[in-house]
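Overview (structure and organization)
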Amino acid sequence: MNLERYNYEKSSDFFSYVFYSEGPKGVIKKIVRYTPVILNTTLYFNLGFGDWDEAENRINDLVNTNNRDSEKVLATIAHTVVEFTKYYPKAIVYAEGSTLSRTRLYQMGINKIWNEIEEKFDLYGFVEAEGFHPFERNSNYQAFVISRKNQ
Amino acid sequence: MPEFTSEEKKILPLEEDVIDPNMRDYSNEPYFIKKAEEAKKFLETPGVLEQLKKIMNNE
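Fair warning: this is a prediction, and the values are worked out from it, not measured in the lab.

What follows deals with the overall build of chain A. Helix and strand counts for chain A stand at two helices and nine strands. N-terminal to C-terminal, the α/β element order of chain A is β-β-β-β-β-α-β-α-β-β-β. The globule rule puts the C-alpha radius of gyration for 151 residues at 15 Å, and the 15 Å found for chain A is close to it. Viewed in the frame of its principal axes, chain A has a C-alpha envelope of about 40 × 35 × 30 Å.

Structural data, given as structure tokens:
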């Protein structure tokens, strides 16, 4: 996979990733964070992503900075999934965009890299009123679950 | 630290992604906590987790 992506800094526990989007809107600090969620003795991780608002000193998840680099940003997020699950191979990662359009953006990113990752990962998409399905490119999903295949 | 295969290194140039031991602790960032709580609430919806586990085990 040779998709262009941003380099990032990662925390010592590999739960947090920081990178800087560059484009017409300037330099935007972006954070990816894997937050543990325990359910019925199983550990899941929620993939959280957002722009860091320096002035507010918090994540601003509803802003659409539109730095014209969404593919590069999505590739960067995808790389954090690969890295995070390398260090936590049994992790089950749940991801849902803060808005439907963001979830759709995630799906577009997954579609692009699916050929490269399907060998090593199991990916499921959630369809309202139907539940989770093995990921298919032509379906629309509201949320995703990804985990490394047992090897 | 786990070793990366040559295949994984093609997509993960480790030498360019550095560990920042002084990175700010984002575990207490309200947005991430809120999204995790929403994920937990969704996955706790009756039937969702059971259905997910079933389909994952069938793979």
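Okay, back to it.
Next up on the list: the pairing of strand E4 (residues 42-53) of chain A. Residues and elements named next belong to chain A. For E4, a buried count of 10 out of 12 residues is recorded, marking the element as mostly surrounded by other parts of the structure. Here strand E3 (residues 26-39) pairs with E4 via 10 bridges, running antiparallel. Pairing of Pro36 across the sheet is with Phe45, part of E4. The hairpin turn running from E3 into E4, its antiparallel successor, is two residues long, and Asn40 in that turn takes a positive phi close to 50°. Both E4 and strand E6 (residues 92-95) contribute to a ladder of four bridges, which runs parallel.

Residue and element names in this part refer to chain A. Under the criterion given, the structure shown has 22 aromatic pairs over all chains. Centre to centre, the rings of Tyr8 and Tyr17 are 5.3 Å apart; their planes meet at 90°, and the pair counts as edge-to-face. We classify Tyr17 as buried; its relative accessible area is 0%. An angle of 75° between the planes, with centres 5.5 Å apart, marks the rings of Phe15 and Phe45 as edge-to-face. Here Phe45 lies in strand E4 and Phe15 lies in the loop between strand E1 (9-10) and strand E2 (16-23), a separation of 30 residues in the sequence. Like Phe45, Phe15 is buried. Here the aromatic residues Tyr8, Phe15, Tyr17, Tyr34, Phe45, Phe84 and Tyr88 are joined through ring pairs into a cluster of three or more.

Turning our attention to the interface of chain B and chain A. Opposite the 39 residues of chain B that make contact, chain A presents 50 residues. Carbon and sulfur atoms make up 63% of the surface buried where chain B meets chain A, a total of about 4,100 Å² over both sides. Note that A:Arg5 is salt-bridged to B:Asp17, the shortest N-O span being 2.6 Å. Here chain B and chain A share 12 residue pairs in polar contact (both at pLDDT 80 or more) between them.

Conventions we followed
- Numbering of residues starts from 1 in each chain and follows the order in which that chain's sequence is written.
- Chain A is the first chain written and ligand 1 is the first ligand written, with later ones labelled in order.
- This being a predicted model, a pLDDT of at least 70 is required before a residue's local features are given, and a value of 80 or more before pairs of side-chain atoms are given or counted; all residues contribute to the totals for chains, interfaces and linings.
- Only heavy atoms go into the side-chain values, all of them from the structure, while hydrogens and water stay out.
- Under the scheme used here, helices are H or I runs from DSSP no shorter than 4 residues and strands are E runs no shorter than 2 residues, and both carry numbers assigned from the N terminus.
- The size measure is the radius of gyration over C-alpha atoms, and the globule rule it meets is 2.2 Å times the number of residues to the 0.38 power.
- Working definition: with a 1.4 Å probe on protein chains only, accessible area under 20% of the residue-type maximum means buried, over 50% means exposed, and in between means partly exposed.
- Following DSSP output, two strands are said to pair if at least two bridges run between them.
- Each pair of aromatic rings taken from Phe, Tyr and Trp, with Trp reduced to its six-membered ring, is defined by centres within 6.5 Å and is described as stacked if the planes are under 30 degrees apart, edge-to-face if over 60, and tilted in the remaining cases.
- Any pair of residues with heavy atoms lying within 4.5 Å of one another is described as a contacting pair.
- When two parts are brought into contact, each loses some accessible area as probed by a 1.4 Å sphere; the total of that loss over both is the buried area.
- Definition used for salt bridges: Asp or Glu carboxyl oxygen within 4 Å of a side-chain nitrogen of Lys or Arg.
- Pairing of N or O atoms within 3.5 Å defines a polar contact, subject to two protein rules: one partner must be a possible hydrogen donor and the other a possible acceptor, and residues neighboring in sequence count only if both atoms are side-chain atoms.

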